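One letter stands for each residue in the lines below.
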Amino acid sequence: MTDEPLVLGIETSCDETGVGIVRGETLLVDAIASSVDEHARFGGVVPEVASRAHLEAMVPTIERACATAGVALTDLDGIAVTSGPGLAGALMVGVASAKALGIGLGVPVYGVNHLASHVAVDIVEHGPLPEPTMALLVSGGHSSLLLVPDVTDDIRPLGSTIDDAAGEAFDKVARVLGLPFPGGPHIDRAARDGAIEIDFPRGLTSGRDMERHRYDFSFSGLKTAVSRWVQARQAAGEDVPVADVAASFQEAVTDVLTRKAILACQEQGVGHLQIGGGVAANTRLRAMAQERCDRAGIQLRVPRPGLCTDNGAMVASLGAQMMAKGRVPSGLDFPADSSMPVTDVHNEPAGPASAHDALHAG
Amino acid sequence: MLMLALDTSTSAITVAVHDGETVLGDHTVLDARRHTELLAPGITTALAAAGVAVTDLTDIAVGVGPGPFTGLRVGLVTALTLGHTRGIAVHGVCSLDALAQGAGIEGDFLVATDARRKEVYWARYRGESGVPTRLSEPVVGRAADIPAEVRALPVVGRGALLYPEALPDGGEPLDVYAGDVALVAQRALEAGEALPVEPMYLRRPDALTTAERQAAVERA
């Protein structure tokens, strides 16, 4: 076991300061400091508020992760950090911190893709990833279907949202229903007491759309439809059945997500589906995906909810895979890239290897 | 003492290694947009130039601003993380104080740096025997709104370069040099002053709370 790499991962792409430590395929700790409460009064994530919170939380979260795992920083074999995509100013805090760890400890640093990390996290939950795996990543910033032959090196985007991310739709519909931010957990809770009786639209599922946008998603029209439905009720002076609207909206989102994900598995000949991202914490999505995968003979993998939302463990997990597979470290001059494409799984070094070893030789 | 000093509050990404007597090695690059890429390599370059291993460092000093936020934070989180990693103290220095130190001006003068959005960060100083003393707390505002008698003083920092009509007596240095961050930190430490690492933002985040937005709608 001890020859497996001990990697610390840092995640600061949005409003969670995450620090996780992984040894090979074993999760040791997943420490999180969230600024979500600070954003709630703004009704959404404010980038500058998130960045300030990351700076304050960075070192304390590293300390807490090490203390909880019983790991000394000097034991680490490598550092991994989310270098994109995400909020630029927020990413920079994590990237700079990771490089400082790399310099201070004389260990390699890997700048890695946030979406790839959401896939790799399941390795510490359910063991090695079947190759290939189909991944459905759904969060406040992303809704993507990815074919993943090798999570450290080869990720192929099949489709993504053409407008709002699924999580964004949850936030906006929550606002329409007078539920707090972030919308996901509140809609999930409200929907438990609701009846699925409003037939909201399923975006990009019509015959023509299925030709042009076979694996793509659209949630903007759904959000507008919910908003209009609620306004019509209010204009008529009637009460809005919040639970029913929440349940019906949630059903429309999860129906399209699971339908297209399973279609992709079947058409691409992939026997495993993994769901990740914050929306994967949604109980209806998890249940519906399980039912439909069982029926289709597809193996479903979904990490526990705490590992679906943004966290440092997922970054550490991908970093550990990078080290185990002998991928080249990123060096010290890689940028934070707010629009990093998912095909860039990690930052390849631009020049010759960095000066780490020379520094520690003295 | 082997102090690593750095600052990212102005257009310079600047790093120096100082032994308490002199700068042993340094590295400065002007690029106001690429702190994330350039600071870490700058640190390894400065250490190599000084012939110092990172494990030999005893202290870190960092400019806490005021300065544009994203770049400033890169310097701060780098200093804090490196300090934690090596188990050494991290000292925060007002970046305008470091610029004042570099000015070498006797008598009253002004430090004014680029705050973007047509504003400057500024503070008034008095130099005596090579030691500048800050006479006012750093503030952010338009150069033209600084009191006339202050605007007439000699100015260091990019403020005068950007707003020559408001600040006519501009001079160098334009940007912070990390060697001066080290000097200011060491002088304060000798005087027993605490040097907390608290960013000087001087501006609130640009955002309205849901309640503020609602109030604005109702006013309109």
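Residues numbered from 1 in each chain as written. Chains lettered and ligands numbered in written order. Predicted model: local features only at pLDDT ≥ 70, side-chain atom pairs only at ≥ 80, totals over all residues. Heavy atoms only, no water.

Draft legend 1. Highlighting the overall build of chain A. Scanning chain A from terminus to terminus reveals 13 helices and 10 strands. Against the compact-globule benchmark of 21 Å for 362 residues, chain A has a radius of gyration of 21 Å, which places it among compact chains. Taking the principal axes of its C-alpha atoms as reference, chain A extends roughly 80 × 45 × 35 Å. Evaluated residue by residue, chain A yields a buried proportion of 57% over its 362 residues. Here the contacts in chain A between residues at least 6 apart in sequence split such that 74% fall between residues at least 24 apart. Surface accessibility of chain A: about 13200 Å² in total, with carbon and sulfur atoms responsible for 49%. The averaged location of the 45 negative side-chain charges in chain A is 6 Å from the averaged location of its 27 positive side-chain charges. (Helix = DSSP H or I, 4+ residues; strand = E, 2+ residues; numbered from the N terminus. Rg over C-alpha atoms; globule rule 2.2 N^0.38 Å. Buried < 20%, exposed > 50% of the residue type's maximum accessible area, 1.4 Å probe, protein only. Contact = heavy atoms within 4.5 Å. Areas by Shrake-Rupley, 256 points an atom, 1.4 Å probe, with all protein chains shown as cover. Lys, Arg positive; Asp, Glu negative; His and termini not counted. Charge placed at Lys NZ, Arg CZ, Asp CG, Glu CD.)

Draft legend 2. Looking closely at the packing of helix H3 (residues 95-103) of chain B against helix H6 (residues 178-190) of chain B. Residue and element names in this part refer to chain B. It is the contact of H3 with H6, at a shortest axis distance of 8 Å, that shows an interaxial angle of 105 degrees. By the criterion of interaxial angle, the relationship of H3 to H6 is roughly perpendicular. Residues Asp 97, Ala 98, Gln 101 and Gly 102 of H3 form the contact with H6, whose participating residues are Asp 180, Val 181, Leu 183, Val 184 and Arg 187. Residues of the contact of H3 with H6, tallied by class, amount to four nonpolar, two polar and three charged. (Axes fitted to C-alpha atoms, helices over the stretch in contact; angles between N-to-C directions. Parallel < 35°, antiparallel > 145°, perpendicular 65-115°, else oblique. Nonpolar A, V, L, I, M, F, W, Y, C, P; charged D, E, K, R; others polar.)

Draft legend 3. Spatial organisation of the nonpolar core. Counting 89 residues, the largest nonpolar core has Leu8(A), Ile21(A), Ile62(A), Leu76(A), Ile79(A) and Leu4(B) as the members making the most contacts within it. Here the element with the most residues in this core is helix H3 (residues 88-105) of chain A; it accounts for 10 residues. One finds Leu145(A), Ala166(A), Ala169(A) and Ala289(A) within the second-largest nonpolar core, a separate group that totals 48 residues. (Core = buried A, V, L, I, M, F, W, Y, C linked by side-chain atoms within 4.5 Å.)

Draft legend 4. Here's a closer look at the sheet that holds strand E3 (residues 26-34) of chain A. Residues and elements named next belong to chain A. What the five strands build is an open sheet, ordered E3-E2-E1-E4-E5; its pairing is mixed. Of all strands in the sheet, those with a lone pairing partner are E3 and strand E5 (109-113), marking the two edges. Adjacent strand axes in the sheet meet at a mean angle of 20 degrees when their direction is disregarded. Across five bridges, strand E4 (residues 78-84) lies against E5 in parallel orientation. Its bridge partner lying in E5, Gly 84 is registered against Asn 113. Helix H2 (residues 47-69) rests against strand E1 (6-11), strand E2 (16-23) and E3 of the sheet, and its axis sits at about 25 degrees to E2. Packing of helix H4 (residues 114-126) onto the sheet brings it into contact with E1, E2, E3, E4 and E5, and relative to E5 it is tilted by some 105 degrees. (Pairing = 2+ DSSP bridges.)

Draft legend 5. Region of interest: the pattern of salt bridges. All chains considered together, the criterion is met by 28 salt bridges over all chains. Across the pair Arg327(A) and Asp153(A) runs a salt bridge, and its minimum N-O distance is 3.9 Å. Of this pair, Arg327(A) sits in the loop between helix H12 (312-324) and helix H13 (356-361) while Asp153(A) is found in the loop between strand E7 (143-150) and strand E8 (154-160), placing the two residues 174 residues apart along the sequence. For Arg34(B), the salt bridge goes to Asp31(B), with nearest N and O atoms at 3.2 Å. Classification of Arg34(B) by relative accessible area gives partly exposed; the value is 37%. (Salt bridge = Lys/Arg side-chain N within 4 Å of Asp/Glu carboxyl O.)

Draft legend 6. Focus on the domain arrangement of chain B. All names here are of chain B. Domains assigned within chain B are domain 1 (3-94 + 176-190) and domain 2 (96-171). If you average the C-alpha positions of domain 1 and of domain 2, the two centres end up 22 Å apart. At the junction of the two partners, domain 1 supplies 17 residues and domain 2 supplies 16 residues. Interface of domain 1 and domain 2: buried area, both sides summed, is about 1400 Å²; carbon and sulfur atoms make up 61% of it. At the junction of domain 1 and domain 2, the tally comes to six residue pairs in polar contact (both at pLDDT 80 or more). Per-element tally for the side of domain 1 that touches domain 2: the top contributor is H6, with five residues. (Domains from an automatic or database assignment. Buried area = accessible area lost by both parts, 1.4 Å probe. Polar contact = N/O pair within 3.5 Å; in protein donor to acceptor, adjacent residues only side chain to side chain.)

Draft legend 7. Up close: the packing of aromatic side chains. Inspection of every chain in the model, using the stated rule, returns five aromatic pairs over all chains. Centroid distance Phe217(A) to Phe219(A): 6.1 Å. Interplanar angle 15 degrees. Geometry classified as stacked. Each member of the pair Phe217(A) and Phe219(A) is classed as buried. Between Phe69(B) and Tyr201(B), the ring centres sit 5.2 Å apart and the planes meet at 85 degrees, which makes this aromatic pair edge-to-face. Of this pair, Phe69(B) sits in helix H2 (residues 69-86) while Tyr201(B) sits in the loop between H6 and helix H7 (210-219), and the two are 132 residues apart along the sequence. (Phe/Tyr/Trp six-rings, centres within 6.5 Å; stacked < 30°, edge-to-face > 60°.)

Draft legend 8. Quick look at the interface of chain B and chain A. Chain B puts 35 residues into the contact, and the matching count from chain A is 36 residues. For the pairing of chain B and chain A, the buried interface totals around 3000 Å² over both sides, and the portion due to carbon and sulfur atoms is 72%. When the buried area of chain B at its contact with chain A is split by residue, Thr36(B), Arg73(B) and His84(B) rank highest and sum to 20% of it. The interface formed by chain B and chain A includes one salt bridge. Its salt-bridge partner being Arg73(B), residue Glu48(A) comes within 2.9 Å of it at the nearest N-O pair. Counting across the interface, chain B meets chain A through five residue pairs in polar contact (both at pLDDT 80 or more). For the side of chain B that touches chain A, the secondary structure elements donating two or more residues are helix H1 (35-50), H2 and H7 of chain B. Class assignment for the residues of the side of chain B that touches chain A results in 18 nonpolar, 10 polar and seven charged.

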